[in-house]
Number of protein chains: 2
Amino acid sequence: MVTRTRRTEALSRERIVEAAVEVLDEAGENGLTFRVLTERLATGAGAIYWHVANKGELLAAATDAVVAAALAVEPAEPPEGVRAVALNLFVAIENHPWLATQLSAQFSRSPWGAVAPRIFESVGRQVRALGVPEDSLFTAGSALVHYILGAAGQNAANTANARALGPGIDRAGFLDTVSKAWEGLDPDDYPITRALAKQVRDHDDREQFLAGVDLVLAGITAVHALDK
Amino acid sequence: MVTRTRRTEALSRERIVEAAVEVLDEAGENGLTFRVLTERLATGAGAIYWHVANKGELLAAATDAVVAAALAVEPAEPPEGVRAVALNLFVAIENHPWLATQLSAQFSRSPWGAVAPRIFESVGRQVRALGVPEDSLFTAGSALVHYILGAAGQNAANTANARALGPGIDRAGFLDTVSKAWEGLDPDDYPITRALAKQVRDHDDREQFLAGVDLVLAGITAVHALDK
DNA sequence: ACCTGAACACCGTTCAAGT
DNA sequence: ACCTGAACACCGTTCAAGT
């Protein structure tokens, strides 16, 4: 029988972040605690704090690791590239729903961190390739990034909510619930929202997301009088 | 000397929510605890739980109260109305930075709640007034709402971060810090972000925000071939 | 019906002590 | 240098007991 050391590899920041991502994927942000992490890594709390300053830094590192992987493949040429980058982020957020909250936290709390530049760089590169003048890059890029993160976060939440509602309820079932709730609103106060209820029920998420991306792109094109 | 009862008014859900908003404004989301709340209301924890199911419900109620107030005044006519609604939300989030996180939480976690319909209704009404066809209202409205919440949240975070960095540091000082950090990035990996650094430092927030709103509106107009 | 406040389970973080 | 794990302060929530 082979003798094993307690852990195959020594503890490292990398291994801790890796484990954190796994826990986040399985149990969400509230599920990530130092106790769960110490068990999974077969270590003590102090050991984790030797490699990572605190929980915030751990979440930032986990977020950056996932985002870096999602943006690693530089996608297609200019016209189609924006959509590709947007969709890569959309899928990453869909697969790691906790990303949505974390991304806005990283953008807000520490724009000097690693995550924000990474995303700005990928999106900005594509936006510039469209022909947007240098001094409008920030406005155009910001608008696009805000839309992407918001819409992708909404999509991820829908999936997560459906799962949380019960194993029998799928995504369509969840959206149906929302739709019904909106249809039950007061007709005098909420005429528009009631009318939107149908569209909430029927919409395809990816299609809807890309339609929004196209809409923002159309705005960028129009404002800067670019060729399509 | 007048005899007073312990509290001027009896405890009520309304009074609790009101106190919660005050604490959130003064100390942020982490500053809102049941202990702080019980002290301020001169009561016990159980009393609060009699009126409110849990902390989540309290946050939802606080969010709804502030949003309802911000959207209470129905603004100008169609063309200018969208900007007015957007700016109302922008200002509300600026004055209550915790709103940014809470709004995306409410949209994600409980779109059937009170907050999401309220915002969709205000924004949707204005978007429809632009002439957007009924079956595109959801796409157009969602895109605009995502942009508004994202950009306003970013602005609020900048203000809050500046305050947190120290009393001597104002907003310009904070943006300068971010700008410097971006300028220090690797020129090979982050050419665009480095170029954006200047614009981060110089931008006026409200102007920037409205430029983004106009960009999304231009997209809506272009996609639906509306008159300007 | 409405409120009190001690108690519970759990959390992030620290730190003296080990190797 | 790296790790252990008990201890600390704090948190949301519950609940038997009061009025």
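Each remark here, short or long, concerns the structure printed above.
Residues numbered from 1 in each chain as written. Chains lettered and ligands numbered in written order. Predicted model: local features only at pLDDT ≥ 70, side-chain atom pairs only at ≥ 80, totals over all residues. Heavy atoms only, no water.

Trainee: Even after reading the chapter, I still don't get the interface of chain B and chain A, so can you show me in this structure?
Mentor: Much of the literature gives interface size as the accessible area that the parts lose upon coming together. With 54 residues of chain B at the contact, the number on the chain A side is 54 residues. Interface area, chain B with chain A, both sides summed: about 4,600 Å², of which 69% is carbon and sulfur. By the criterion of area lost to chain A, the three top residues of chain B are Phe 138, Ile 192 and Leu 215 of chain B, representing 16% of everything that side buries. Listed by contribution, the elements that provide at least two residues to the side of chain B that touches chain A are helix H6 (98-109), helix H7 (115-129), helix H8 (137-165), helix H9 (171-183), helix H10 (191-202) and helix H11 (205-223) of chain B. Top contributing element to the side of chain B that touches chain A by residue count: H8 of chain B, with 14 residues. A per-class count over the side of chain B that touches chain A returns 30 nonpolar, 16 polar and eight charged. (Contact = heavy atoms within 4.5 Å. Buried area = accessible area lost by both parts, 1.4 Å probe. Helix = DSSP H or I, 4+ residues; strand = E, 2+ residues; numbered from the N terminus. Nonpolar A, V, L, I, M, F, W, Y, C, P; charged D, E, K, R; others polar.)

Trainee: It is not clear to me how unusual backbone geometry should be interpreted in this structure. Could you clarify?
Mentor: Glycine aside, residues mostly have negative phi, and peptide bonds are mostly found in the trans state. If you check the backbone angles, Ala 225 of chain A has positive phi at about 50° while not being a glycine. The residue Ala 225 of chain A is located in the segment after helix H11 (205-223) in this model.

Trainee: Please clarify how the packing of aromatic side chains should be interpreted in this entry.
Mentor: To describe a pair of aromatic rings, you give the distance between the ring centres and the angle between the ring planes. The full count for this structure, using the stated rule, is 14 aromatic pairs over all chains. A ring pair is formed by Trp 112 of chain A and Phe 174 of chain B, whose centres lie 5.9 Å apart and whose planes are at 75°; its orientation type is edge-to-face. Note that Trp 112 of chain A is positioned in the loop between helix H6 (98-109) and helix H7 (115-129) and Phe 174 of chain B in helix H9, a pairing that runs across two chains. Exposure remark for Phe 174 of chain B: the relative accessible area of 0% places this residue in the buried category. Aromatic side chains Tyr 147 of chain B and Phe 209 of chain B sit 5.9 Å apart centroid to centroid with 15° between the ring planes, which places their arrangement in the stacked category. Of this pair, Tyr 147 of chain B sits in helix H8 while Phe 209 of chain B sits in helix H11, and the two are 62 residues apart along the sequence. Like Tyr 147 of chain B, the residue Phe 209 of chain B is buried in the burial classification. (Phe/Tyr/Trp six-rings, centres within 6.5 Å; stacked < 30°, edge-to-face > 60°. Buried < 20%, exposed > 50% of the residue type's maximum accessible area, 1.4 Å probe, protein only.)

These figures come from the coordinates and say nothing about function on their own.
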